Structures are given as structure tokens and as C-alpha cells.
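Structural overview for review
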Amino acid sequence: MTVNIISDEQFGGHQGSGLIDPDCISFRTIKARKDLSWAKLKVKLADYLGCDEETFRIWFFKRKYIRSNNADHETWRPEFIDEDDMEKYVSQVSIDYKNNGQDASTTVWLELPNVATAQLQSFYTKRDLLIFLRLFDPDSGTIAYCGHLIVPISSKLKDLIPEMTRRAFWNEQPAEDEILMFEDRHLGYCIHLKDLNASMNEALLFQGDRSGFAEWKRCRYRRRRRFDISASGIRNVAEYFRDQANSHEVVFHNVEIPNDPGFVVRLNQRENYQHMASEVARVLNRDPKRIQFFKVPPYARDGIGQVVKSTEKRTIEDIIYLPNNKRFMMYMQGERESKKNRKKMFYQLISMDIAQFETKNQLPIKFLFADMREVDMILYANPKSTMKDLLDEVRTRIPDLASDSELRILEYINTRIITILAHSKEVEFASYAAHGASNQRHIRIDEVPEAHRSFAPGEILIQVGHFHSSVQNAFGTPFFVKICHGDTIRSVRDKIKSQLNVSEKEFAKWKIALIQSSRPRYYTEEEEDTVIDTKGLQVEECGGVPLVNNRIWIGLDHPLRQKPKPKQAPLPPITIRN
């Protein structure tokens, strides 16, 4: 079996209830036989630690359940091993089994002498009590471990004050009304010991048969300050543990940054939305009213869920779907599990007050620069906004856009442009889908090239799309090219090539075709001098722009790129021997 060894060095730095958090410490472990007695185990531990067996005392570290508020609360207490029990087998006391009984383990605490005494104090289960002391500092909101001591059960609580003063390094001993003592009974439940003249037997809580063993009790103490509320905002250690029992770690990710690792914020799950916004804003150094939060779907690992309204009145536990806090268990090293699982939330930074922001509608769009660069963004507009309002919003969102540039707004489905929308048209927010939704209408805003701002008689716009092999295999981003009556196929190819900014070698691999009602009409090299008759094309007027009907467009047929076959090593020659 495995024996986990705990000493006072594991207690230092622990800020939670009890003495240790098994998720945050590393145990010293040794292997021992199950039929080994406690006396022989002590000899084995002395040999492992390289010290004399008289310099320490072993206690069995036992998991117990304390009944409180009609519920059993799990905690860990050291249990004294009498001289009569030292010859018993370790397996006769208690063993934790793991992996369906295959792995067995037990945990022991090594009591070492205090620095002041330099030797172990005598301990009798019927008259003595083992107490662990921890100092709470309300200004910093931290707890410091101050060792243990053995006192008679008949002694009073105020008899601990001189030893507390010495271990806390206070210059003078405080009066009885200047110190507060607390007993930590279990996770999140701390009792204020008001009567310091009471004996240990009367003040502290005992569970089980007191004549059989003396249980470990802990007192929290602090100097009383002039003001009730400290710098940390916590009045006393009882509030500290109550706040800690309700706290939960949440990871916040920015929705605008792909694969954002995020940051961790510890939240009190009994608080509300305002508390969450304030804590996140403190990390981001931003106004909490300019942050919007998104839930994670309860049955999905990734993905953004519903928006959290700023008027949310429920607690953080209900907002983030926090699970019930499970009491931790002692696991073997390498097999311990997390006491609380971290939850995830998303956020985005906004440029206006969240109350005003929530009254606006969201519209995902795609912006296309004149040099064919694409940017995805989300616009926020009022319910009765027009297309011109969207254009004004885009100008404020793109800083490198020239002030004299012209913008046009168009509607498209997949890889086909439907039409150019008029600036006075009202936005139908419910009709447009988000990015990535197929067979749905989308909005795109283009920066109008210099050549497309004015049209002479006979000049029109026609859209250009990409496909390979078949018109149904369309891909890429469609765009417009301006042609005029009398242009040849060669001149149209040159206009498309210059607008796409591709090399001649690459563009030569593409075949050009005129698509009418999904039927391509390819042009060979011998037909490049063919003159285009724009009068035969169906042209519509869209916002002062002569636009060819969307059923007629120019297609660029790309060769299908096949993945190169992996090179195989040549087979070794076959040797035939007679």
C-alpha cells in the first residue's frame, strides 16, 4: 500500500478551510505492507526521514463527516494512535481503496516538536487537546499558519492568548476584548468563540467518543482594529471562509480574438451581474459599463451562447450554470482531482454604455477594400436604421479609410451578388444571417474603386465569380468589373487581372467564360479579340449604377488542384535463391 506523509510544511500557505488542500500540495509517499504495525511503520518512517523515531509522533489523518444544518460535511482530522494500538496492523485502522480495490493508501501526519520546546509534549486522550493555530490578517485578507500546541481540556480559551501573542510576533499582549477567536468546524462554517473564560471542553465542538481520542481543533484569531471593515473588505475570518466557500474561478475569453487564452477571475457565486462586471473591468482596466458578456451553452464545450443582459437580477451561479460545489476527497499523488471545475464565459469590449448598446440591433457584415482585402465585423444600429446609417458606422470603425472614399452596400448569397442596395432603404435585421450561414442573405460593404465612381454612356458593371470545372462549384469572393460597349475579351481579362493583382503566369491558367442562366460560354485564345456587345445584356439601374442582371456574370474557371501523392520508398529487390 501507499503511505502519504503530511507534516507542518504542507499546512503553511494554505488559505482555505481546514489544514490542507490535496489539489495544491505534493505528498511524500512510501510503500509499506498492509500487515505492517504502526510501531514498525514509525521505524520505517524514521529510516526514510533519516531521524530518530523518538523525535516525532505519527497521527492517522482521517476523513470524517460533521453533522451540521441537516447535512454531513466532509473534513479531515488527525486521530491519535494510542500505545495499545501501535501493535495493530495499519490495515485494521483505515485504508482508502482506489481503482476497484487494486490500490490502497493511508495518510499520516508527523507531529514534530515546536521550536520553543525542542521536544514532543506528552499527550493523553482523556485530558489533552491538540489545537492548530492560524492567524487571520483582515487588512490583506490572508491566513498564516502558526503551528500547533497541546493544552489540557480543562484550560480556558484566554489561556491561549500569551502563546498566540508570541507566535504572532506582537509587541505587547492584547487584552481579552482586543482579540477574536474562531473555531473552523468544516468548509464554509466558522464559529465565533465569544466567551474566552469558557473552558476548552465547553467552547469547542467534539464529535464522537471523547474518551477514545482527542480531536484536532483550530482557532482563528486576529487583533481587533479601530475600524470594523478592513482594507480587504472582510470584517472577520467567518466572513472570509463564507466568501471563500461561495467563490468560483471563471475564465473569460475575448470573442474578437481567435484562440484567446483569456484570464481567470475569482467570483462570488452569490453575487450578481454588477459584481462580475466590476471584477472583470478591474482586470481589463476598463469601465464595467462598456463590457458585454456572453454565456457558454450548458451542453457545449466551445461556442458563444446567449448574451447576458445588464439588467440581469439572478446570481452568478445561475448565470454561468455553476455546478454544486463538491466536497473534496483525499486522492493519491497523481490521482487527485480538482475540487471545483473552472467555468468559461466570453466578453467583448464596446464603445458605448451597455444600457444604450443593448437597445441596438447587431448585423454581421463583410467589408471589401478596393485592393480586395476582406474584413469581417459586426455593426450595431438602431432598429429603424437605413443603409446610410450602416455606411456611417463603417467609416467610424475603419480608421485607415480615406475621407473622400465612396462606399456601396450590396446583398449577396454564398458566392453570388444579388443587387446593390439603395442608401435610403431600411435595414431588415431579421432577414440577414451571420457569417458562415449558407444559402442565406448577407450584407457586404465595398470601397468603390476610382474607376467605378462615374459611368459614361455604354459603361456597365458586371460581377465576376470563381469556380472550377462546373458553375455549381463556385468559391471565393465575387466582385465587380466595369466594361463598356466595344471592349474585347482581352481587355476584360486585363481589367480583371489588374483588379485581382495576380501574376500573368497564374492568371494564364484560368479560363474566362460568360455565364448566362448557369450555362458557361468559354472564350479561347483565338476569340480574345471578340468585341463585347453590352447592348445585348440585361442592365438594371441600382442606385444610379448600371448593373447587369445577376443571372449574367463572368466566370473564372480555375484548374482543380490535386494534392501531390506522397512519395513511397522503393521496394527492396527480391532475391531468389535456389
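Just so it is clear, the model here is predicted, and its values are computed rather than measured. (Residues numbered from 1 in each chain as written. Predicted model: local features only at pLDDT ≥ 70, side-chain atom pairs only at ≥ 80, totals over all residues. Heavy atoms only, no water.)

**What about the environment of Leu 284?**
Following the sequence through the fold, Leu 284 ends up in helix 6 (residues 273-284). Residue Leu 284 is classed as partly exposed on the basis of its relative accessible area, which comes to 25%. Along the chain, Leu 284 and Phe 263 lie 21 residues apart, while their C-alpha atoms are 9.7 Å from each other. Look past the residues within four positions of Leu 284 in its chain and what remains in contact with it is Phe 263, Ile 291, Tyr 347 and Leu 349. (Helix = DSSP H or I, 4+ residues; strand = E, 2+ residues; numbered from the N terminus. Buried < 20%, exposed > 50% of the residue type's maximum accessible area, 1.4 Å probe, protein only. Contact = heavy atoms within 4.5 Å.)

**Quick look at the sheet that holds strand 14 (residues 291-294)**
Whenever strands of a sheet pair, they do so through backbone hydrogen bonds, lying parallel or antiparallel. Pairing is mixed across the open sheet formed by five strands, whose spatial order is 13-12-16-14-15. If you trace the sheet from one side to the other, it starts and ends with strand 13 (263-268) and strand 15 (307-308), each paired once. Bridging between strand 12 (residues 247-254) and strand 13 involves six bridges; their strand directions are antiparallel. When the bridges of strand 13 are listed, Val 251 appears paired with Val 264. Sitting on the sheet, helix 6 touches strand 12, strand 13, strand 14, strand 15 and strand 16 (343-349), and the angle it makes with strand 13 is about 150 degrees. (Pairing = 2+ DSSP bridges. Axes fitted to C-alpha atoms, helices over the stretch in contact; angles between N-to-C directions.)

**A short note on helix 3 (residues 161-168)**
All of the buried residues along helix 3 are Ile 161, Met 164, Thr 165, Arg 167 and Ala 168. Phi turns positive one or two residues past the end of helix 3, at Phe 169, with a value near 60 degrees.

**With respect to helix 6**
Spanning 12 residues, helix 6 covers 16 Å between terminal C-alpha atoms, matching the ideal 16 Å at 1.5 Å per step. Along helix 6, the residues classified as buried are Tyr 273, Met 276, Ala 277, Glu 279, Val 280 and Ala 281. Positive phi appears at Asn 285, one or two residues downstream of helix 6, with a value of about 55 degrees. (Expected span 1.5 Å × (residues − 1).)

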